[in-house]
Amino acid sequence: MINDRPTELRVDLDELLNNYNKLTSLNNKKTGIAIVKADSYGLGARIIADHLYKNGVRHFATATLEEALELKDVIFDSMVLVLGVTNPQNVKYAVENNVSLTCPSKEWLEKCLEEMESIEGKLKIHVKIDTGMGRIGTSDKDELVKIDKLLLSEKIDFEGIFSHYSNADGSDNNYDDYQTKNFDERIKLFTHKPKYIHIGNSASTVKYSDRQDQYNMTRLGISLYGCYPSENIEKLDKINLDPVVSLVSKVTHVKKFLKGEKLGYGVSYEAKEDEYIATVPIGYADGILRRAQGFKIKVGSEDCEIVGRVCMDQLMVRCSENIKVGDDVLIFGENNGQKISVDDFATYQDTISYEIFCCINKRVPRVYYKNKMEL
């Protein structure tokens, strides 16, 4: 397949595994769930899950049943938990492929049990308790007691119970403590304790690594991919995550502009003096949003400001006369000893690293590295 553009998203699989090991070591009594939903935040779930599986990881989570089924042929006997709500009419696919589903309500579980009457085997369930996120799950104690009774069915394997912190990346613990209390109170309503109990995400995995509690599993999302959930978590200085992802390209055109000449859509930039402009083949169709205008990226050895509006397929930077066609460009990550934090790139655009990764379009090739060598 021809790749005529020098733009690519690089993923270091060794650093990914290093992060998994660091995070689970930090929480030595908890099993780490590798979050590979949304195609591993757009980084390529099949290759990432396959690498983790081959290195001993046996617990994964996706957002949808479709995502889980797409991975079962590379992670085989692993636990794969679907974090979203699955249509009860599709539970047979979960049973046939050993996929665990989230139970958000009594009504959902009743519908699943109706479907299970004609299906051989057991349906693995993780009950979702809403402790304050307000997304899915139930907090009603009466409903949870009724769910507990339904879980006694021989058609159900009550594998887990979980919730989700909504403010663990914040600067205080108040809302976390509120959610933890709610979670603990509702766990006590169940007559049988499941194999897995989890509420932790990337932020709480780091923030509460010193807590000894009854939870035995934690979910590793953005931290797995080398990013801190927030500055608050990074400042705790408990772990040194390894950058995993780099977005790189090369200069395809350089032109001298005279003072007063304009460029870009809407003539949004005017040369303040005689200067040079380099063009880079990446734009908003690739995931570099127009609000990135003004951010400084690495071109050759220079810090170069994105000038003019980001186009669909290209962007322009102000540079020196030393920049030539073919020079390396680093948008975020690491390249040739140079670094730009994806968090800095995200903060400049008033967003988070999660969104930056997920926005990188599929037409940008994903290139994977192992032992510093391209696969």
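The structure this text deals with has already been given above.
Let me sum up the structure you'll find in this document. (Residues numbered from 1 in each chain as written. Predicted model: local features only at pLDDT ≥ 70, side-chain atom pairs only at ≥ 80, totals over all residues. Heavy atoms only, no water.)

1. Here's the deal with the state of the cysteines
And step 1. Per the counting criterion, the structure on display carries zero disulfides.
And step 2. Considering cysteine sulfurs only, Cys112 is the nearest to Cys103, which forms no disulfide, with 7.3 Å between them.
And step 3. Cys304 carries a free sulfur, and the closest cysteine sulfur to it, the one in Cys319, is 5.4 Å from it. (Disulfide = S-S within 2.5 Å.)

2. Brief notes about the packing of helix α3 (residues 45-54) against helix α4 (residues 65-75)
Relative placement of two packed helices is described by the angle separating their axes and the distance separating the axes.
And step 1. Packing of α3 against α4 leaves a shortest axis separation of 9 Å and a crossing angle of 35°. When you trace α3 past α4, the crossing you get is right-handed. Residues Ala45, Arg46, Ala49, Asp50 and Tyr53 of α3 lie in contact with α4, whose contacting residues are Glu70, Leu71, Asp73, Val74 and Ile75.
And step 2. Classifying every residue of the contact of α3 with α4 gives six nonpolar, no polar and four charged. (Axes fitted to C-alpha atoms, helices over the stretch in contact; angles between N-to-C directions. Helix = DSSP H or I, 4+ residues; strand = E, 2+ residues; numbered from the N terminus. Left-handed = near helix turned anticlockwise from the far one by under 90°. Contact = heavy atoms within 4.5 Å. Nonpolar A, V, L, I, M, F, W, Y, C, P; charged D, E, K, R; others polar.)

3. A closer look at α4
And step 1. Residues of α4 that are buried: Leu65, Glu67, Ala68, Leu71, Lys72, Val74 and Ile75. Along the axis of α4, the buried positions cluster into a sector of 165°, meaning they face one direction only. Exposed residues on α4 whose side chains face more than 90 degrees from its buried face are Glu66 and Glu70.
And step 2. Buried residues along α4 sit in contact with α2 (37-42), α3, β3 (59-62), β4 (79-82), α5 (91-96) and β5 (100-103). (Buried < 20%, exposed > 50% of the residue type's maximum accessible area, 1.4 Å probe, protein only. Arc of directions from axis to C-beta.)

4. Details of the sheet that holds strand β2 (residues 31-35)
And step 1. The parallel closed barrel is built from eight strands, whose spatial order is β2-β3-β4-β5-β6-β7-β8-β9. Taking the axes of each pair of neighbouring strands and ignoring which way they run, one obtains an average angle of 30° across the sheet.
And step 2. Contacting β3, β4 and β5, α4 crosses the sheet at an angle of about 170° to β4.
And step 3. Where helix α6 (residues 106-116) meets the sheet, its contacts fall on β5, β6 (123-128) and β7 (156-162), and the angle it forms with β5 comes to roughly 140°. (Pairing = 2+ DSSP bridges.)

5. Some remarks on the environment of Tyr93
And step 1. The topology assignment puts Tyr93 in helix α5.
And step 2. When the C-alpha positions of Tyr93 and Ser209 are compared, they lie 36 Å apart, and in sequence the two are 116 residues distant.
And step 3. Apart from the residues lying within four places of it in its own chain, the contact partners of Tyr93 are Leu65 and Leu69.

6. What about unusual backbone geometry?
And step 1. The residue Phe76 is not glycine, and still its phi comes out positive at about 40°.
And step 2. Non-glycine residue Asn371 carries a positive phi angle of around 55°.
And step 3. Along the chain, the position of Asn371 falls in the loop between β20 (366-370) and β21 (373-374).

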